[in-house]
Amino acid sequence: MSEQITKFILSLSEDPEVLNEFKKRPKELMEEEGLSKAEQAVVLSADPTVIRNAIDPEAFGTLSVTIVIVAVIIFKTGITDD
């Protein structure tokens, strides 16, 4: 279970500048934010089940559902790797 993934996804939903940077250079930003390669793979999967399994529902309760929804919406808006 990764608190780091949760914090990262929440930062994407709370800060438009972070979201814009993520869309431009997702891997670099995640590395700068301290996500491991495994954590980056979880985020980049954009798979609700994979993301849900990676966060701690006991620590975040119903917020964990919100985190998964935010992550999927972020990926649906598209990422460019310029």
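Let me begin by describing the structure that accompanies this report. Counting from 1, residues in each chain are numbered in the order their sequence is written. Totals for whole chains, interfaces and linings use every residue, but because this is a predicted model, local features are given only for residues with pLDDT of at least 70 and side-chain atom pairs only at 80 or more, for both listing and counting. The basis for the side-chain values is all heavy atoms of the structure; hydrogens and waters are excluded.

Below, the discussion takes up the overall build of the protein chain. Counting its secondary structure elements, the protein chain contains seven helices and zero strands. Each helix is a run of H or I in the DSSP string that is no shorter than four residues. Each strand is a run of E no shorter than two, and both are numbered from the N terminus. Starting at the N terminus and ending at the C terminus, the protein chain contains elements arranged as α-α-α-α-α-α-α. Between buried and exposed lies partly exposed: a residue is buried under 20% and exposed over 50% of the maximum accessible area for its type, with that area taken using a 1.4 Å probe on protein chains only. Counting across all 82 residues of the protein chain, residues that qualify as buried make up 34%. By the convention used here, residues are in contact when the closest approach between their heavy atoms is within 4.5 Å. Of the contacts made within the protein chain by residues no fewer than 6 positions apart, 60% connect residues no fewer than 24 positions apart. When the accessible surface of the protein chain is totalled, it reaches about 4900 Å², and 54% of it is carbon and sulfur. In this description, accessible areas are obtained by the Shrake-Rupley approach with a 1.4 Å probe, and a residue is regarded as covered only by the protein chains that are shown.

An α-helix turns once per 3.6 residues; consequently, residues spaced three or four apart project the same way. The span one expects for a helix is its residue count, reduced by one, times 1.5 Å. For helix α1 (residues 3-14), built from 12 residues, the straight-helix expectation of 16 Å at 1.5 Å per residue is met to within 8% by its first-to-last C-alpha distance of 16 Å. Within the sequence span of α1, burial applies to Ile5, Thr6, Phe8, Ile9, Leu10 and Leu12.

Core analysis: the largest hydrophobic core is formed by 14 residues, its most contacted members being Ile5, Phe8, Phe22, Met30 and Val43. Mapped by element, the contributors of at least two residues to this core are α1, α3 (26-32), α4 (37-45) and α5 (48-54). No other element matches the four residues that α1 contributes to this core. For this analysis, a nonpolar core means a set of buried residues of the types Ala, Val, Leu, Ile, Met, Phe, Trp, Tyr and Cys, connected via side-chain atoms within 4.5 Å.

Attention now goes to the packing of α1 against α4. Between α1 and α4, whose axes approach to 10 Å, the crossing angle comes to 45°. One way to sum up the angle between α1 and α4 is to call them oblique. α1 and α4 meet at a crossing whose hand is right-handed. Contacts from Gln4, Ile5 and Phe8 of α1 reach α4 at Glu39, Val42 and Val43. Here an axis means a line fitted to C-alpha atoms, over the contact stretch when the element is a helix, while the angle between two N-to-C directions is reported on a 0 to 180 degree scale. In these notes the angle categories are as follows: under 35 degrees is roughly parallel, over 145 is roughly antiparallel, 65 to 115 is roughly perpendicular, and the rest is oblique. Crossing handedness is read from the near helix: turned anticlockwise from the far helix by less than a right angle, it gives a left-handed crossing, and turned clockwise, a right-handed one.

For the rest of this paragraph, the subject is the pattern of salt bridges. For salt bridges, the criterion is a side-chain nitrogen of Lys or Arg within 4 Å of an Asp or Glu carboxyl oxygen. Counted under the stated rule, the structure contains four salt bridges. Residue Glu3 is joined to Lys7 by a salt bridge in which the shortest nitrogen-to-oxygen separation is 3.2 Å. Separated by four residues within a single helix, Glu3 and Lys7 lie in helix α1, roughly one turn from each other. Overall, Glu3 belongs to the partly exposed group, its relative accessible area being 45%. One salt-bridge network, held together by shared partners, links Glu21, Arg25 and Glu32.

What follows deals with the packing of α1 against helix α2 (residues 16-24). Packing of α1 against α2 leaves a shortest axis separation of 5 Å and a crossing angle of 110°. Here α1 lies roughly perpendicular to α2, going by the angle between them. Facing Phe8, Ser11, Leu12 and Glu14 of α1, the residues of α2 in contact are Pro16, Val18, Leu19 and Phe22. Charged residues are taken to be Asp, Glu, Lys and Arg, nonpolar residues to be Ala, Val, Leu, Ile, Met, Phe, Trp, Tyr, Cys and Pro, and polar residues to be all remaining types, Gly included. For the contact of α1 with α2, the per-class residue count stands at six nonpolar, one polar and one charged.

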